[in-house]
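Analysis of the macromolecular model
Here are the chains, one letter per residue:
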Amino acid sequence: ADVVSSYFVPIVLGIALVTLAAWLAVDPTASGFAVAIERFVAVLVIACPCALGLATPAAVAVGTGRGAELGILVKGGAALEAASRVDTVLLDKTGTLTEGKPTLTDVVPLAGWDAAELLALVAAVERASEHPVARAIVQGAEDRGAPLAQVSSFRMEPGYGIEGDVAGRLVRIGTSAWLDRAGIDASPLESEAERLAERGRTPSFVAVDGELAGLVAVADQPTAGARQAVSSLKRMGIEVAMVTGDRRRTAQAVAAELGIDRVIAEVRPEDKARVVAEERARGRVVAMVGDGVNDAPALAGAHVGVAIGTGTDIAVAAADIALLRGGISSLPVALQLARRTLRTIRQNLFWAFIYNVVGIPIAAGALYLWTGWLLSPVLASAAMSLSSVSVLTNSLRLRRFAAA
């Protein structure tokens with residue numbers, strides 16, 4: 001609309017002045033001057049850019065209103081326009097593609113360790129963390145009757161793991177790289193971790209007092225509509241990729257179940273924004289979808305940040321679109337609505353432009369030599385009003401939008 005208006009207004013003013021000069025040249029008398037002024041005013045009135053001015057905000061207002069009815073909160077016309085051009089969607093895994101409610105599935109102790117004792121130490125440290133995996137381990141320990149001791153000197157490194165002192169014993173839980181940095185060799189359990197990962201489970205290695213003790217694993221089930229959502233995005237011609245901090249095998253197992261071909265795994269929280277920047281550098285129009293605090297920088301860095309409404313407040317605040325109902329299932333609907341809204345805006349601009357292409361010459365008196373017709377400013381104003389009504393009517397059709 002801005003581009004069209006920047007050309008339209010000066011062109012119309014120029015045509016009006018040319019019309020005035022032409023009629024004065026034909027009849028420079030007082031009556032001819034009155035006719036020239038009338039033609040000048042008629043051109044300005046019929047070209048009044050009300051329809052052009054309404055073309056965008058009317059469609060955006062109806063489109064965002066329809067989105068709200070569908071549980072999709074869109075933060076303005078710019079977000080809606082950007083969403084209509086998205087060709088790449090990056091999806092966080094936990095809480096976005098999955099339910100975000102992992103459960104403890106496996107406790108694998110090394111020789112010399114009892115599973116219940118190992119789980120009690122792990123759960124004691126995990127109780128100090130607010131991560132969904134930590135809550136799953138704690139809940140699993142409580143369900144199995146494991147006693148939970150107090151932890152001290154708790155420390156966490158996002159993307160790697162946590163550690164703490166439990167009854168005088170230093171417990172470290174996390175990735176093999178996290179243990180390796182403390183000089184602990186996790187290779188004796190790597191094959192078991194890979195086996196669990198291939199089944200879609202997320203393993204974490206456990207070391208006690210500097211010695212490898214075992215591992216624990218959790219599983220998070222995909223949401224009911226995740227596979228259908230991915231399929232719908234692909235039908236729309238959108239490239240879909242999963243971005244997660246999980247082990248590659250775990251991520252690939254979940255991705256294969258959901259029909260996602262591209263997986264970017266073992267990504268630290270701060271690196272998600274880097275992945276978004278790399279996709280933008282490729283010339284892609286990127287939508288990032290997430291639900292956690294860790295996702296906020298990536299949501300803010302994407303062309304369109306999309307937050308799952310059940311996620312954290314900071315993720316919703318950083319996003320351009322919030323899916324308040326239906327989770328990931330609403331994503332294709334949101335993008336289809338954005339495309340339909342932009343198509344309506346283009347239709348509005350096209351018909352407003354065509355109306356002026358036809359109406360301005362008539363108002364200027366182009367048909368006078370052949371028909372003797374002159375369009376009065378009163379009729380010109382009525383025609384201008386009808387063009388605005390047509391734009392509003394076309395925009396209101398968005399109220400009947402339904403996902404394909």
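These notes cover the structure that comes with them.

What counts and what doesn't
Residues numbered from 1 in each chain as written. Predicted model: local features only at pLDDT ≥ 70, side-chain atom pairs only at ≥ 80, totals over all residues. Heavy atoms only, no water. Helix = DSSP H or I, 4+ residues; strand = E, 2+ residues; numbered from the N terminus. Rg over C-alpha atoms; globule rule 2.2 N^0.38 Å. Buried < 20%, exposed > 50% of the residue type's maximum accessible area, 1.4 Å probe, protein only. Contact = heavy atoms within 4.5 Å. Areas by Shrake-Rupley, 256 points an atom, 1.4 Å probe, with all protein chains shown as cover. Lys, Arg positive; Asp, Glu negative; His and termini not counted. Charge placed at Lys NZ, Arg CZ, Asp CG, Glu CD. Core = buried A, V, L, I, M, F, W, Y, C linked by side-chain atoms within 4.5 Å. Salt bridge = Lys/Arg side-chain N within 4 Å of Asp/Glu carboxyl O. Polar contact = N/O pair within 3.5 Å; in protein donor to acceptor, adjacent residues only side chain to side chain. Arc of directions from axis to C-beta. 1 Å grid on protein atoms, 1.4 Å probe; cavity = no way out; pocket = protein on both sides within 12 Å on 5 of 7 lines; lining within 4 Å. Points joined across faces, edges and corners; volume = space filled by probe spheres on them. Nonpolar A, V, L, I, M, F, W, Y, C, P; charged D, E, K, R; others polar. Patch = residues over 30% accessible without salt bridge, like charges linked within 9 Å, V, L, I, M, F, W, Y side chains within 5 Å. Axes fitted to C-alpha atoms, helices over the stretch in contact; angles between N-to-C directions. Parallel < 35°, antiparallel > 145°, perpendicular 65-115°, else oblique. Left-handed = near helix turned anticlockwise from the far one by under 90°.

Within the chain one finds 17 helices and 13 strands. Over its C-alpha atoms the chain spans a radius of gyration of 31 Å, topping by over 25% the 22 Å that the globule rule assigns to 404 residues. Overall, the chain is about 110 × 35 × 35 Å in size when its C-alpha atoms are taken along their principal axes. Residues classed as buried in the chain amount to 47% of the 404 residues present. For the chain, the proportion of contacts with a sequence separation of at least 24, taken over those separated by at least 6, is 64%. Counting only carbon and sulfur atoms, one obtains 59% of the accessible surface of the chain, whose full area is about 18500 Å². Of the side-chain charges in the chain, 37 are positive and 40 negative, and the distance between the mean point of each set is 9 Å.

With 39 residues, the main nonpolar core has V89, L91, L97, I260, L331 and L335 as its most contacted residues. Ranked by residue count, the leading element in this core is helix α15 (residues 331–364), at six residues. For I260, the contacting residues outside a window of four places in its chain are L91, L97, V230, K234, V240, A241, M242 and A255.

The tally for this structure, following the rule as stated, stands at 23 salt bridges. Of the charged contacts in the structure, one is a salt bridge between R262 and E279, with a shortest N-O distance of 2.5 Å. Of the two residues, R262 sits in strand β10 (residues 262–264) while E279 sits in helix α12 (residues 272–281), which places them 17 residues apart along the sequence. Judged by its relative accessible area of 25%, R262 falls in the partly exposed class. By relative accessible area, which is 3% here, E279 ends up buried. Each of D87, E239, R262, E279, R282 and R284 takes part in salt bridges that share partners, so that together they form one network.

For E163, the position within the fold is in strand β5 (residues 161–166). Within the structure, E163 has its side chain in polar contact with the side chain of R172 (distance 2.8 Å).

So, on to α12. Every buried residue of α12 is accounted for by K272, V275, V276 and E279. Projection of α12 onto a plane perpendicular to its axis shows the buried side chains occupying an angular sector of 100°, all on one side. Tucked inside the fold, the buried residues of α12 contact β2 (88–92), β9 (239–243), β10, β11 (286–290) and α13 (296–301). Downstream of α12 by one or two residues, G283 has phi in the positive range, about 90°.

Right, let's talk about empty space enclosed by the protein for a bit. Tallied over the full model, the rule gives one cavity of 30 Å³ or more. There is about 50 Å³ of room inside the largest cavity. For the lining of the largest cavity, the elements supplying multiple residues, two or more each, are α5 (93–97) and β8 (211–219). Here the residues of the lining of the largest cavity sort into four nonpolar, two polar and three charged.

On the surface, a cluster of positive charge is contributed by R340, R343, R397 and R400. Looking at where R397 falls in the secondary structure, it is placed in the segment after α17 (377–396).

Here we take up the packing of helix α9 (residues 190–198) against helix α11 (residues 248–258). At their nearest, the axes of α9 and α11 sit 7 Å apart, and the two run at 15° to each other. As far as their axial angle goes, α11 and α9 are roughly parallel. When you trace α9 past α11, the crossing you get is right-handed. In this structure, α9 contributes E194, A197 and E198 to the contact, and α11 contributes R249, T250 and A253. Across the contact of α9 with α11, the residue classes break down as two nonpolar, one polar and three charged.

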